[in-house]
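What follows is each chain in one-letter form.
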Amino acid sequence: MDKSATVSGFRGFIFSPLFIYICRSLIGFSIGYSLMKAVPQYDLFWALISVLLVISPEAKDSWKLSIDRVKANFIGALSGFAVVFFPIDTYLKVMIGIILGAVICKTFNLLNVVRTAIVAMIIILIEKPDEGFIAPLERFISVLIGCLIGLLVVFITAFPIKYFHKKTLQIEHKLRD
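Residues numbered from 1 in each chain as written. Predicted model: local features only at pLDDT ≥ 70, side-chain atom pairs only at ≥ 80, totals over all residues. Heavy atoms only, no water.

Q: Would you take a moment to explain the environment of R24 for this structure?
A: Looking at where R24 falls in the secondary structure, it is placed in helix α2 (residues 17-38). For R24, a relative accessible area of 6% translates into the label buried. Remark: the alpha-carbon pair of R24 and V51, spanning 27 residues in sequence, is separated by 9.8 Å. Ignoring sequence-local partners within four residues, the contact set of R24 consists of I55, S62, V153, V154, T157, A158 and I161. (Helix = DSSP H or I, 4+ residues; strand = E, 2+ residues; numbered from the N terminus. Buried < 20%, exposed > 50% of the residue type's maximum accessible area, 1.4 Å probe, protein only. Contact = heavy atoms within 4.5 Å.)

Right, here's the structure in full:
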């Protein structure tokens, strides 16, 4: 096996959408988990879920998909927050939140990420009997923190990935010559 084929195989693995997605997810989860452990008095568990919802396994347009997922998380969180204090049963709040989230996503041409919005909305509307007024607000902030972490991970890793991909292509071409 020649050296250029070895480099090509290495490049194919390291720059595969699966490998990049796994790396980004591990980085994002690690940041969110560290933050959750650093400030245990806040309910940052939901940030972990939002991180993983924002990071896209799609190689093509991963930046655009991540941005769309942040928008969807924000829409879902706002939809949940809009109905959380209605004096009605949680089941009805979720039903209204689903409708609200879907309509807003459609309005902004984001139906491809409406599921992400619905998950964020449900995170906000989860109720525990002993929770007070501040819990939904904390979950809302937690979702937004997770979105920010996920988006930053995608953004920060995009440049080194492009740079090193270009460098391995150059090495591969030099080995062929």
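What follows continues from the structure just given.
Q: Looking at this structure, I do not really get the nonpolar core. What am I missing?
A: Judged by nonpolar contacts, the single largest core of 13 residues is most densely connected at C105, L110, M121 and L125. Tallying contributions element by element places helix α6 (residues 114-125) first for this core, with 5 residues. Beyond its immediate sequence surroundings of up to four residues, L110 is in contact with D68, K71, I75 and C105. Core analysis: the second largest hydrophobic core is formed by 11 residues, W46, V70, A120 and I123 among them. (Core = buried A, V, L, I, M, F, W, Y, C linked by side-chain atoms within 4.5 Å.)

Q: When you look at the packing of aromatic side chains in this model, what are you seeing that I'm missing?
A: Any pair of aromatic rings gets described here by the distance separating the centres and the angle formed by the planes. Scanning the model with the defined rule gives 7 aromatic pairs in all. On the basis of an interplanar angle of 75° and a centroid distance of 4.9 Å, the ring pair of F45 and W46 is categorised as edge-to-face. When the centroid spacing of 5.3 Å and the interplanar angle of 90° are considered together, the rings of F155 and F159 count as edge-to-face. Highlighted residues: F155 and F159, both in helix α7 (residues 134-176), separated by 4 residues, approximately one helical turn. The partly exposed category is assigned to F155, whose relative accessible area is 39%. (Phe/Tyr/Trp six-rings, centres within 6.5 Å; stacked < 30°, edge-to-face > 60°.)

Q: Mind showing me how you'd approach the packing of helix α5 (residues 90-107) against α6 here?
A: For any two helices packed against each other, the geometry is given by the interaxial angle and the distance between the axes. Where α5 meets α6, the closest approach of the two axes is 9 Å, and the angle between their N-to-C directions is 150°. Regarding α5 and α6, the two cross each other, and that crossing is right-handed. Touching T90, K93, V94, G97, I98, G101, A102 and C105 of α5 are V114, A117, I118, M121, I122 and L125, all from α6. A breakdown of the residues in the contact of α5 with α6 according to their chemical character gives 10 nonpolar, 3 polar and 1 charged. (Axes fitted to C-alpha atoms, helices over the stretch in contact; angles between N-to-C directions. Left-handed = near helix turned anticlockwise from the far one by under 90°. Nonpolar A, V, L, I, M, F, W, Y, C, P; charged D, E, K, R; others polar.)

Q: Looking at this structure, how should I read the environment of I123?
A: By the element assignment, I123 lies in helix α6. Considered as a pair, I123 and F81 are 42 residues apart in the sequence and their alpha carbons are 9.9 Å apart. Residues in contact with I123, not counting those within four places in the same chain, are W46, I49, R139 and V143.

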